[in-house]
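Coordinates in review
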Amino acid sequence: MSSVAEALKRGAARLSAAGIESARLDARVLMAHVLGMPSNEVALSRRQLTPEQQGAFEALVERRAGHEPVAYLTGEKEFYGLTFDVGPGALVPRPESETLIDEACREFPDRDAALTVLDLGTGTGCLLLSFLMAYPKARGLGIDSSAEALDWAARNVRCHGLEAHSEVARCDWQELPPRQYDVVLANPPYVATSDLEAAQGQSLAFEPRAALDGGPDGLDAYRGLAPLLPRLLSPAGRAFLEIGRGQGPSIVKIFEPEGLSMLRIADDLAGIPRCLVVRRQG
Ligand code: GLN
């Protein structure tokens, strides 16, 4: 039998040896999951682990040492102050995507507005549902081409009690009925295929390829979005789109001939240009 502190130390050392940069934090999060306590309390715990707890912790550490995402091991991830269920088949919510919600809130200051929202490639639903939590009178549709991802989204709709405000549906972007929305959110796949291949063996390799692979230059999804967005946006509507490092100018070139204007590109908290804010021209 060992104490929480000893098990944490061994777990962090194992993760570090496996090349996990966030070894100590990950060990703490996994321990918190096993013990069912907040991760900030774990470091102070003087408890002894039961053999079951120790076994469960060590098993999770081994899986993490194989680079499985922590969120797939705990089954949840915090995003915009909310907790989302997540697992294989859906992209893990990432802090940089919170930039889209910040920008949408900035663009639409009236939180009582009855806005309509569309989330393209909703995954866990984190963007759509965070937005709907911030705008109690808004209504939204989240679509995804992956049935597995939609199962997670539907689960999160229920967890947050948003059934009356949201719908999630399996649908390709091109199949959407011609309706206009005040807010369009999207975190499309934008990683260049070669970069994704170079990331084999890392956490990224466990996540759905369809949510990450943006083709040879990472911009395929934006080429698909360009002709669709003008008819999905209402005249005063805004699209908030997540982009990869340095992709902004190329995407603006793809969008402008299709009748879209860029209002700004907002940085994420790491200072990387991350969110393209777009409207219809004219
Ligand atoms: N930000 C993600 C990553 O690089 C990519 C997400 C995406 O392609 N939409 O890990």
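Residues numbered from 1 in each chain as written. Predicted model: local features only at pLDDT ≥ 70, side-chain atom pairs only at ≥ 80, totals over all residues. Heavy atoms only, no water.

On to the layout of surface pockets. The calculated volume of the largest pocket comes to roughly 1,200 Å³. Of all the secondary-structure elements, those providing two or more residues to the lining of the largest pocket are helix 2 (23–35), helix 5 (70–74) and strand 1 (76–79). The residue makeup of the lining of the largest pocket, split by class, is 12 nonpolar, 9 polar and 9 charged. Shared between two domains, the lining of the largest pocket takes at least three residues from each, and those domains are domain 1 (4–66) and domain 2 (79–280). Along its surface, the second largest pocket is lined by 33 residues, and Gly121, Asp144, Pro189, Ala210 and Ala211 are the ones closest to its centre. When residues of the lining of the second largest pocket are traced back to their parent elements, those giving at least two are strand 3 (116–120), helix 7 (126–134), strand 4 (139–144) and helix 10 (220–225). A total of 3 residues in the lining of the second largest pocket trace back to one element, the largest contributor, which is helix 10. Taken together, the residues that form the lining of the second largest pocket break down as 17 nonpolar, 11 polar and 5 charged. (1 Å grid on protein atoms, 1.4 Å probe; cavity = no way out; pocket = protein on both sides within 12 Å on 5 of 7 lines; lining within 4 Å. Points joined across faces, edges and corners; volume = space filled by probe spheres on them. Helix = DSSP H or I, 4+ residues; strand = E, 2+ residues; numbered from the N terminus. Nonpolar A, V, L, I, M, F, W, Y, C, P; charged D, E, K, R; others polar. Domains from an automatic or database assignment.)

This next bit is on the site of the ligand. Near the ligand you find Arg94, Glu96, Asn187, Pro188, Pro189, Tyr190, Val191, Leu204, Ala211, Leu212 and Glu242, and these make up its full shell. Protein chains bury 85% of the 300 Å² of accessible surface belonging to the ligand in isolation. Residue classes in the shell around the ligand are distributed as 7 nonpolar, 1 polar and 3 charged. (Near = heavy atom within 4 Å. Areas by Shrake-Rupley, 256 points an atom, 1.4 Å probe, with all protein chains shown as cover.)

Let us look at the packing of helix 6 (residues 98–107) against helix 7. In the contact formed by helix 6 and helix 7, the axes pass within 10 Å of each other and the chain directions differ by 35°. For the element pair helix 6 and helix 7, the recorded crossing hand is right-handed. Contact residues: Leu100, Ile101, Ala104 and Cys105 in helix 6; Leu127, Ser130, Phe131 and Ala134 in helix 7. The class makeup of the residues in the contact of helix 6 with helix 7 is 7 nonpolar, 1 polar and no charged. (Axes fitted to C-alpha atoms, helices over the stretch in contact; angles between N-to-C directions. Left-handed = near helix turned anticlockwise from the far one by under 90°. Contact = heavy atoms within 4.5 Å.)

Let us look at helix 6. Along helix 6, 7 of the 10 residues are buried, which leaves the element largely enclosed by surrounding structure. Contact partners of the buried residues in helix 6: strand 1, helix 7, strand 6 (181–186), strand 7 (233–242), strand 8 (260–267) and strand 9 (273–280). (Buried < 20%, exposed > 50% of the residue type's maximum accessible area, 1.4 Å probe, protein only.)

Among the secondary structure elements, His67 is positioned in the loop between helix 4 (51–65) and helix 5. Using a relative accessible area of 17% as the deciding quantity, one classes His67 as buried. Setting aside residues no more than four positions away along its own chain, His67 makes contact with Ala18, Gly19, Ile20, Gly201, Gln202, Ser203 and Phe206.

This part takes up the domain arrangement of the protein chain. By domain assignment, the protein chain separates into domain 1 (4–66) and domain 2 (79–280). For domain 1 versus domain 2, the separation of C-alpha centres amounts to 33 Å.

This next bit is on the packing of aromatic side chains. A complete count under the given rule lists 3 aromatic pairs for this structure. Ring geometry for Phe79 against Phe84: centres 6.2 Å apart, planes inclined by 70°, an arrangement best described as edge-to-face. Considered together, Phe79 and Phe84 belong to a single accessibility category, that of buried residues. The ring centre of Tyr135 lies 5.3 Å from the NZ or CZ of Arg111, which sits over that ring. (Phe/Tyr/Trp six-rings, centres within 6.5 Å; stacked < 30°, edge-to-face > 60°. Lys NZ or Arg CZ within 6 Å of the ring centre and 35° of its normal.)

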